[in-house]
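# Reading the structure
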Amino acid sequence: MMKQSYMVNSVVQKKQAQKFLRLIKETLGSYEYKPLRIVDLGTGDGVLAYALKQVYPNSYVLGVDKDAEILEEAVKRWQGAEFLCRDILQLEFQQAFDLVVSSNTFHWLGKDWHKGVQKVWEMLEEGGWFFLHQGGRWTYYFLYNLAERIYTEMTGEVLKHTEVLFYPTLREFKEYLSKHFVVVSAFSDIEFQQDYSLKELLKSFSVAGARVFTDRLSPKQTEEFLELLCRRAEEEEIPVFGRRLYGVMRKPLTVEVVPASLEEVEFLIEKYEGEFVPPLSERPSAGGGLKGGSLREYINSLIAARVLAAKKDGRVIGCLCYKMQMLPFVSKPVPLVSTVIVEKPFRSAGVGRALYQKAISESKELYVRTWNTNTNHMKLLKSLGFQEVYRIKNHRGKGIDTVYLRYVHEGA
């Protein structure tokens with residue numbers, strides 16, 4: 001039976017699911033984020049859904065797949081997770097999820113790939129996470145090419161796997177996802193022989209990619225097709241090569257950015273001062289050197305600053321402070337962002353962007369001082385239109401430069 005074949009033969013899918021699970025655990029752990037409602041789209045035999053339930057035992061986990069036969073085995077085998085037989089594009093939920101994952105599924109949506117992305121957007125709550133893993137362009141190309149040739153030999157018809165499946169380039173992958181989400185990271189990974197053997201790949205392909213062809217064949221033809229595929233793959237020494245794409249996204253949070261008192265945001269400065277290079281407690285003031293001082297002195301230096309707070313449901317989750325200050329390369333005081341902080345669980349969800357946009361709207365120009373290895377901050381600033389205007393090499397340690405950037409309104 002198909003369900004038994006999938007459970008036994010999906011070796012590659014299970015290895016990929018383990019790698020995908022590590023990415024999910026490590027990413028959410030670094031943000032101190034614990035999801036409460038999780039859905040696994042295209043859950044197959046439920047391995048990933050069950051693993052997520054073990055990692056997040058207090059969460060509700062739902063596995064969704066439209067293949068009733070495979071899903072039946074998942075229902076019998078795994079305890080703790082729930083399973084639903086439904087097409088992804090037909091899903092409707094009363095309550096939103098805060099984590100959506102999908103592995104080895106979205107390429108089956110073909111021309112409706114973008115609709116799948118839209119559906120995830122609809123089922124995610126604000127600030128929710130979306131982890132997507134699928135094949136990229138040229139994934140198992142040589143194996144698909146062989147399968148296409150065998151199919152034509154058997155039926156006299158031409159069937160290209162790209163007519164059924166959508167394997168995007170990394171650039172297309174990022175573009176599709178960024179239309180809806182904050183893309184925290186999107187990257188590709190090449191699989192070679194060391195990841196699994198040709199025999200393992202063939203077993204897995206027989207219950208997955210090969211269905212592009214076998215779903216159009218009779219049971220007897222399917223058996224013949226798979227036998228030919230395995231034999232000729234060995235004879236032609238088909239290389240074990242695949243390109244995998246991984247995307248980590250968040251649905252942006254809608255926050256209220258308002259003027260605030262220094263007292264309202266002090267807890268953020270105290271909580272995260274050690275993340276700065278060097279720590280804020282080692283600076284005598286916002287405009288001083290980089291040694292000595294104390295955190296209290298630093299906070300006192302912000303008394304004259306303009307303080308903005310990002311609030312969600314009335315709770316402060318981020319802040320930005322800026323004030324007029326002299327800089328090494330200007331002739332008069334200019335508005336300088338001295339401190340910007342977002343609580344970890346809310347980062348990469350558009351909160352920092354909202355804070356900067358509010359500050360930008362209040363000034364004709366705005367300066368920021370940061371360090372070159374603060375990559376996420378630098379990426380955000382450049383996406384907002386800030387441009388580097390001054391740099392002090394190795395100012396904060398070997399290879400760590402102090403960088404000044406400036407935003408100026410057009411026509412100012």
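Residues numbered from 1 in each chain as written. Predicted model: local features only at pLDDT ≥ 70, side-chain atom pairs only at ≥ 80, totals over all residues. Heavy atoms only, no water.

Moving on: the pairing of strand S11 (residues 334-342). With eight of its nine residues buried, S11 lies for the most part within the structure. Across eight bridges, strand S10 (residues 315-325) lies against S11 in antiparallel orientation. Its bridge partner lying in S11, Cys321 is registered against Thr339. For the segment spanning S11, helix H13 (residues 351-362) and strand S12 (residues 365-371), crossover handedness is right-handed. (Buried < 20%, exposed > 50% of the residue type's maximum accessible area, 1.4 Å probe, protein only. Helix = DSSP H or I, 4+ residues; strand = E, 2+ residues; numbered from the N terminus. Pairing = 2+ DSSP bridges. Right-handed = clockwise from strand over helix to strand, strands pointing away.)

Before going further, it helps to examine the layout of surface pockets. Roughly 1300 Å³ of internal volume is contained in the largest pocket. Contributing elements (two or more residues each) for the lining of the largest pocket: helix H7 (170-178), strand S6 (182-191), S11, H13, S12 and helix H14 (375-384). Classifying every residue of the lining of the largest pocket gives 23 nonpolar, 14 polar and eight charged. Around the second largest pocket sit 44 residues that line it, and Tyr6, Asp65, Asn104, Thr105 and Trp108 are the ones nearest its centre. Those elements that provide at least two residues to the lining of the second largest pocket are helix H2 (11-30), helix H3 (47-55), strand S2 (60-65) and helix H8 (198-206). (1 Å grid on protein atoms, 1.4 Å probe; cavity = no way out; pocket = protein on both sides within 12 Å on 5 of 7 lines; lining within 4 Å. Points joined across faces, edges and corners; volume = space filled by probe spheres on them. Nonpolar A, V, L, I, M, F, W, Y, C, P; charged D, E, K, R; others polar.)

On to the environment of Val403, then. Residue placement: Val403 occurs in strand S14 (residues 402-408). C-alpha of Val403 to C-alpha of Gly136: the two residues are 267 residues apart in sequence and 36 Å apart in space. Leaving out residues up to four positions away in the same chain, Val403 has contacts with Val368, Arg369, Thr370, Trp371, Asn372, Met378, Glu388, Tyr390 and Arg391. (Contact = heavy atoms within 4.5 Å.)

Moving on, we come to a nonpolar patch on the surface. Residues Trp138, Tyr141 and Phe142 make up a contiguous nonpolar surface patch of about 330 Å² in total accessible area. Of note, Tyr141 is situated in helix H6 (residues 141-155). (Patch = residues over 30% accessible without salt bridge, like charges linked within 9 Å, V, L, I, M, F, W, Y side chains within 5 Å. Areas by Shrake-Rupley, 256 points an atom, 1.4 Å probe, with all protein chains shown as cover. Salt bridge = Lys/Arg side-chain N within 4 Å of Asp/Glu carboxyl O.)

Read from one edge of the open sheet, seven strands run S8-S9-S10-S11-S12-S14-S13, paired in mixed fashion. Taken across any chain shown, the strands that pair with only one partner, and hence form the sheet edges, are strand S8 (256-259) and strand S13 (387-392). Each strand axis lies, on average, 30° off the axis of its neighbour in the sheet, ignoring direction. (Axes fitted to C-alpha atoms, helices over the stretch in contact; angles between N-to-C directions.)

It is possible for side chains of opposite charge to pair when their charged atoms get near one another. Scanning the model with the defined rule gives 30 salt bridges in all. In this structure, Arg211 engages Asp67 in a salt bridge whose closest nitrogen and oxygen atoms are separated by 3.2 Å. Of this pair, Arg211 sits in helix H9 (residues 211-214) while Asp67 sits in the loop between S2 and helix H4 (68-77), and the two are 144 residues apart along the sequence. When salt bridges that share partners are traced, they join Glu32, Glu275, Lys344 and Arg347 into one network.

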